[in-house]
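# Structure at a glance
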Amino acid sequence: MLTTHRISADFYDDSFKLIAIHSNLEDYAITYAINSGCGLYLKRMERDLCLEANAMFPVFDWDDELNDLYWTLIANKCVVEEVIPSDGLFGNNTSERTDHLIKERKEVDYFLKVDAADDDLIEEQVRRINKIARVMTAYPIDTQTLKSKRNLIF
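Because the structure is predicted, anything quoted here is derived from the model rather than measured.

## Some words on the nonpolar core
Ranked by size, the top nonpolar core spans 25 residues in total, and within it Ile21, Ile34, Leu42, Leu73 and Ile129 carry the most contacts. Elements with a minimum of two residues in this core: β1 (16–23), α1 (27–38), β5 (59–64), β6 (69–75), β9 (110–115), α2 (119–130) and β10 (135–141). When residues no more than four places from it in sequence are discounted, the contact partners of Ile21 are Ile30, Ile34, Leu73, Val108, Asp109, Tyr110, Leu112, Ile129, Val135, Thr137 and Ala138. Of all hydrophobic cores here, the second largest spans 17 residues; its members include Ala20, Leu49, Ile141 and Leu152.

Here is the structure:
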């Protein structure tokens, strides 16, 4: 008789806090602003997060060894160019579509993920991020309400 083993959905450690950020800044500019305003040292990871063949999400991280925290800033939106083959007069056409890392939060531009943080630290960082000039708003998100939170575990 064969035994089937299944990985439980609660196998993944989701003990992280999440801050949603609405801003029209480019990824490098929001990273610089957060580093300056919040006292972080986020830097671009060597590899982007790849969920699908063409969907690449830029990721910035910092391991704060002094406070035993791990910070990750990730874009929620990715613009993907698709080539549409055509035999017509104009040849191939290209179209763009926007993919989202967390599909139920399409309005959010960036997520700041903090591993092993307490609520006081998150509230302080939200206040600091909201003081950044081109940030419309920032607020904490309850990770238990997210259906696609596994996309944030990498």
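Moving on from the model shown.
## Overview of the pattern of salt bridges
Applying the stated criterion across every chain, the model contains seven salt bridges. Of the charged contacts, one joins Asp48 and Arg44 as a salt bridge, the two residues approaching to 2.9 Å between their closest N and O atoms. What makes Arg44 partly exposed here is its relative accessible area of 42%. For the salt bridge of Glu124 with Arg128, the shortest nitrogen-to-oxygen distance reads 3.2 Å. With Glu124 and Arg128 both in helix α2 and four residues apart, the pair spans about one turn of that helix. For Arg128, a relative accessible area of 32% translates into the label partly exposed. Connected through shared salt-bridge partners, Asp27, Arg44 and Asp48 make up one network.

## Looking at the packing of aromatic side chains
Applying the stated criterion across every chain, the model contains one aromatic pair. On the basis of an interplanar angle of 70° and a centroid distance of 5.3 Å, the ring pair of Tyr41 and Trp62 is categorised as edge-to-face. Taken together, the residues span a long stretch of sequence, with Tyr41 in the loop between α1 and β2 (43–44) and Trp62 in strand β5 at a distance of 21 residues. A relative accessible area of 58% places Tyr41 in the exposed class. Lys113 extends its terminal NZ or CZ atom over the ring of Phe16, reaching a point 4.8 Å from the ring centre.

## Observations concerning the state of the cysteines
Per the stated rule, a full pass over the model turns up zero disulfides. Take Cys78: it sits in no disulfide, and the sulfur closest to it among the cysteines is that of Cys50, at 8.8 Å. Among the residues examined, Cys78 registers a relative accessible area of 6% and is labelled buried.

## Quick look at α1
Between the first and last C-alpha of α1 there are 16 Å, a value that for twelve residues agrees with the 16 Å anticipated at 1.5 Å per step. Burial in α1 covers these residues: Asp27, Ile30, Thr31, Ala33, Ile34, Asn35 and Cys38.

## Thoughts on the side chain of Gln125
Structurally, the position occupied by Gln125 is in helix α2. Assessed through its relative accessible area of 4%, Gln125 is described here as buried. The contact partners of Gln125, leaving out residues within four places of it in the chain, are Ile19, Cys38, Leu40 and Trp71.

## Side note on the sheet that holds β9
The six strands are arranged β2-β5-β6-β9-β1-β10 in an open sheet whose pairing can be described as antiparallel. Here the strands that pair on one side only, and so sit at the sheet edges, are β2 and β10. By the bridge criterion, six bridges tie β1 to β10 in an arrangement that is antiparallel. The residue of β10 that forms the bridge with Leu18 is Ile141. Where α2 meets the sheet, its contacts fall on β1, β6, β9 and β10, and the angle it forms with β10 comes to roughly 170°.

What counts as what
- Residues numbered from 1 in each chain as written.
- Predicted model: local features only at pLDDT ≥ 70, side-chain atom pairs only at ≥ 80, totals over all residues.
- Heavy atoms only, no water.
- Core = buried A, V, L, I, M, F, W, Y, C linked by side-chain atoms within 4.5 Å.
- Buried < 20%, exposed > 50% of the residue type's maximum accessible area, 1.4 Å probe, protein only.
- Helix = DSSP H or I, 4+ residues; strand = E, 2+ residues; numbered from the N terminus.
- Contact = heavy atoms within 4.5 Å.
- Salt bridge = Lys/Arg side-chain N within 4 Å of Asp/Glu carboxyl O.
- Phe/Tyr/Trp six-rings, centres within 6.5 Å; stacked < 30°, edge-to-face > 60°.
- Lys NZ or Arg CZ within 6 Å of the ring centre and 35° of its normal.
- Disulfide = S-S within 2.5 Å.
- Expected span 1.5 Å × (residues − 1).
- Pairing = 2+ DSSP bridges.
- Axes fitted to C-alpha atoms, helices over the stretch in contact; angles between N-to-C directions.

Interpretation note: all reported values are geometric properties and have no functional meaning in isolation.
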